[in-house]
Amino acid sequence: MTTDIRRVGVVGGGQMGAGIAEVCARAGLDTVICETDALAARAARERVAGSLERAVQRGKLDRLSAEDALARMIFTGSLDELADRQLVIEAVVENTQAKTEVFAALDKIVEDPRAVLATNTSSIPVMRLGMVTHRADRVVGLHFFNPVPVLPLVEVVSSLHTSAETLTAVTGFAEHALGKTVVRSQDRAGFVVNALLIPYLLSAVRMAESGFATAADVDAGMELGCAHPMGPLKLADLIGLDTVASIAASLYDEFKEPLYAPPPLLQRMVEAGLLGRKSGRGFHVYDRG
């Protein structure tokens, strides 16, 4: 089945969805990207085209390959366009209700009962999404990392219902079709990476919140003192502070450990729309031009 997956759908054309669609198209796959409406679909196309152009400018991709990748993609505002897909990857906002609505709809729309429905969730249990469908054995977590065209890792997450066939097919697809490195995780909030990463980021937020150190000094300390390529608050800004807060809330809801609780400063920043790079301001200020 690994080599049989040639028709891929991606629901959500934001930062993550656009990146997932790009790597699928660059791998030679027929890719459909579905957004909420035609206007959002056009914005998703511009996002992917911009990413491909940057790859060309940096010498990571030749012009012809970039043009071919874009030509393999269809951008739509209708989920019905995903009816013939063999694999659909959901990459909408990190919100349980939004994701369950997508999975319930896909269960009715995607025609092939063997098709795999995957979620790019950072923290929501895969089981919760699978149980709103009539094919929980074909539902799996396929968690990419931002920026998707650059970072090589994918977490493959199986629920208690995910079949061995589905797990094998998706693992093979990620490794062989997309050229990613796979780590497997059990179906627990945060999976492997975020269960380790989020407490670290929240600790940095609390340090800045308490006035113990400035955001710049916190980041400099970890970059220059621990050889991290990016400080924790810069990383939180890159991920999106709303996404960090959502993952933290999911982790806290599942484990009730204080280290997972979103700090008040993080919650106030999200409420204020200070979300990091995507809004132009988070713990640092960014040029949105």
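Below: a short report on this structure. Given the structure is predicted, the values throughout are model-derived calculations rather than measurements.

**With respect to the overall build of the protein**
No. 1: The helix and strand inventory of the protein stands at 11 helices and eight strands.
No. 2: In terms of overall size, the protein behaves like a compact globule, its C-alpha atoms giving a radius of gyration of 19 Å where 289 residues would be expected to give roughly 19 Å.
No. 3: The principal-axis extents of the C-alpha atoms in the protein amount to approximately 55 × 45 × 35 Å.
No. 4: When burial is assessed residue by residue, the protein has 51% of its 289 residues classed as buried.
No. 5: For the protein, contacts bridging at least 24 residues in sequence account for 68% of all contacts bridging at least 6.
No. 6: Carbon together with sulfur atoms contributes 54% to the accessible area of the protein, which is approximately 13,300 Å² in total.
No. 7: Side chains of the protein carry 29 positive and 35 negative charges; the gap between the two charge centres is 2 Å.

**A word on unusual backbone geometry**
No. 1: Cis geometry marks the peptide bond from N146 to P147, where omega comes out at 0 degrees.
No. 2: Looking at the secondary structure, you find P147 in the loop between β6 (139-144) and β7 (153-158).
No. 3: A positive phi is found at F191, a non-glycine position, where the angle reads about 55 degrees.
No. 4: Examined against the element boundaries, F191 turns out to sit in the loop between β8 (181-186) and α7 (193-209).
No. 5: Positive phi values are uncommon outside glycine, yet K256 reaches one of about 55 degrees.

**Points about the packing of helix α8 (residues 215-225) against helix α9 (residues 232-239)**
No. 1: Two elements in contact, α8 and α9, have axes separated by 7 Å at closest approach and are oriented at 105 degrees. Considering their axes alone, α8 and α9 lie roughly perpendicular with respect to each other. Taking contact as the criterion, the partners of A215, V218, D219, M222 and E223 in α8 are, on α9, P232, L233 and K234.
No. 2: Taken together, the residues of the contact of α8 with α9 sort by class into five nonpolar, no polar and three charged.

**Quick word on the sheet that holds strand β2 (residues 30-34)**
No. 1: Sheet architecture is open: eight strands sit in the order β3-β2-β1-β4-β5-β6-β7-β8, paired in mixed fashion. The two strands at the open ends of the sheet, each matched to only one other strand, are β3 (73-76) and β8. Neighbouring strand axes in the sheet, compared pairwise and without regard to direction, differ in orientation by 25 degrees on average.
No. 2: For β6 and β7, the ladder comprises four bridges, and the chain directions are antiparallel.

**Things to note about the pairing of strand β4 (residues 87-90)**
No. 1: Every second residue of β4 is oriented toward a common face, with L87 and I89 on one face and V88 and E90 on the other, all of them buried.
No. 2: Where strand β1 (residues 7-11) lies against β4, four bridges are found, and the strand directions are parallel. Pairing of V8 across the sheet is with L87, part of β4.
No. 3: Where β4 and strand β5 (residues 116-119) come together, four bridges link them in parallel fashion. Directly across from E90, in β5, lies its bridge partner T119.
No. 4: On the question of chirality, the crossover connecting β4 to the parallel β5 by way of helix α4 (residues 96-109) is right-handed.

**Concerning helix α10 (residues 241-255)**
No. 1: Under the 1.5 Å per step criterion, the end-to-end length of α10 is 21 Å for 15 residues, consistent within 8% with the ideal 21 Å.
No. 2: Burial in α10 covers these residues: L241, T243, V244, A245, I247, A248 and L251.
No. 3: At the C-terminal side of α10, K256 shows a positive phi close to 55 degrees.

**Concerning the environment of L153**
No. 1: Looking at the element boundaries, L153 is found in strand β7.
No. 2: Along the primary structure L153 and R42 are separated by 111 residues, whereas in three dimensions their C-alpha atoms are 28 Å apart.

**Let's talk about the nonpolar core**
No. 1: One finds M73, L142 and F144 to be the most contacted residues of the largest nonpolar core, which totals 41 residues.
No. 2: In terms of residue count, the dominant contributor to this core is helix α1 (residues 15-26) (seven residues).
No. 3: Counting 22 residues, the second largest nonpolar core, distinct from the first, contains V205, A236, A245 and L266.

**Description of the pattern of salt bridges**
No. 1: Evaluated as defined, the whole model comprises 13 salt bridges.
No. 2: The residue D84 makes a salt bridge to R7 at a minimum N-O spacing of 3.9 Å. Of this pair, D84 sits in the loop between β3 and β4 while R7 sits in strand β1, and the two are 77 residues apart along the sequence.
No. 3: Note that R85 and D84 form a salt bridge whose closest N and O atoms lie 3.0 Å from each other.
No. 4: The exposure class assigned to D84 is partly exposed, which follows from its relative accessible area of 36%.
No. 5: Salt bridges sharing common partners tie together R7, D30, D84 and R85.

**Section: the side chain of R135**
No. 1: You can see R135 is positioned in the loop between α5 (126-130) and β6.
No. 2: In contact with R135, other than residues within four places in its own chain, are L106, D107, V110, D112, P113, A115 and L117.

How each quantity is defined
Residues numbered from 1 in each chain as written. Predicted model: local features only at pLDDT ≥ 70, side-chain atom pairs only at ≥ 80, totals over all residues. Heavy atoms only, no water. Helix = DSSP H or I, 4+ residues; strand = E, 2+ residues; numbered from the N terminus. Rg over C-alpha atoms; globule rule 2.2 N^0.38 Å. Buried < 20%, exposed > 50% of the residue type's maximum accessible area, 1.4 Å probe, protein only. Contact = heavy atoms within 4.5 Å. Areas by Shrake-Rupley, 256 points an atom, 1.4 Å probe, with all protein chains shown as cover. Lys, Arg positive; Asp, Glu negative; His and termini not counted. Charge placed at Lys NZ, Arg CZ, Asp CG, Glu CD. Axes fitted to C-alpha atoms, helices over the stretch in contact; angles between N-to-C directions. Parallel < 35°, antiparallel > 145°, perpendicular 65-115°, else oblique. Nonpolar A, V, L, I, M, F, W, Y, C, P; charged D, E, K, R; others polar. Pairing = 2+ DSSP bridges. Right-handed = clockwise from strand over helix to strand, strands pointing away. Expected span 1.5 Å × (residues − 1). Core = buried A, V, L, I, M, F, W, Y, C linked by side-chain atoms within 4.5 Å. Salt bridge = Lys/Arg side-chain N within 4 Å of Asp/Glu carboxyl O.

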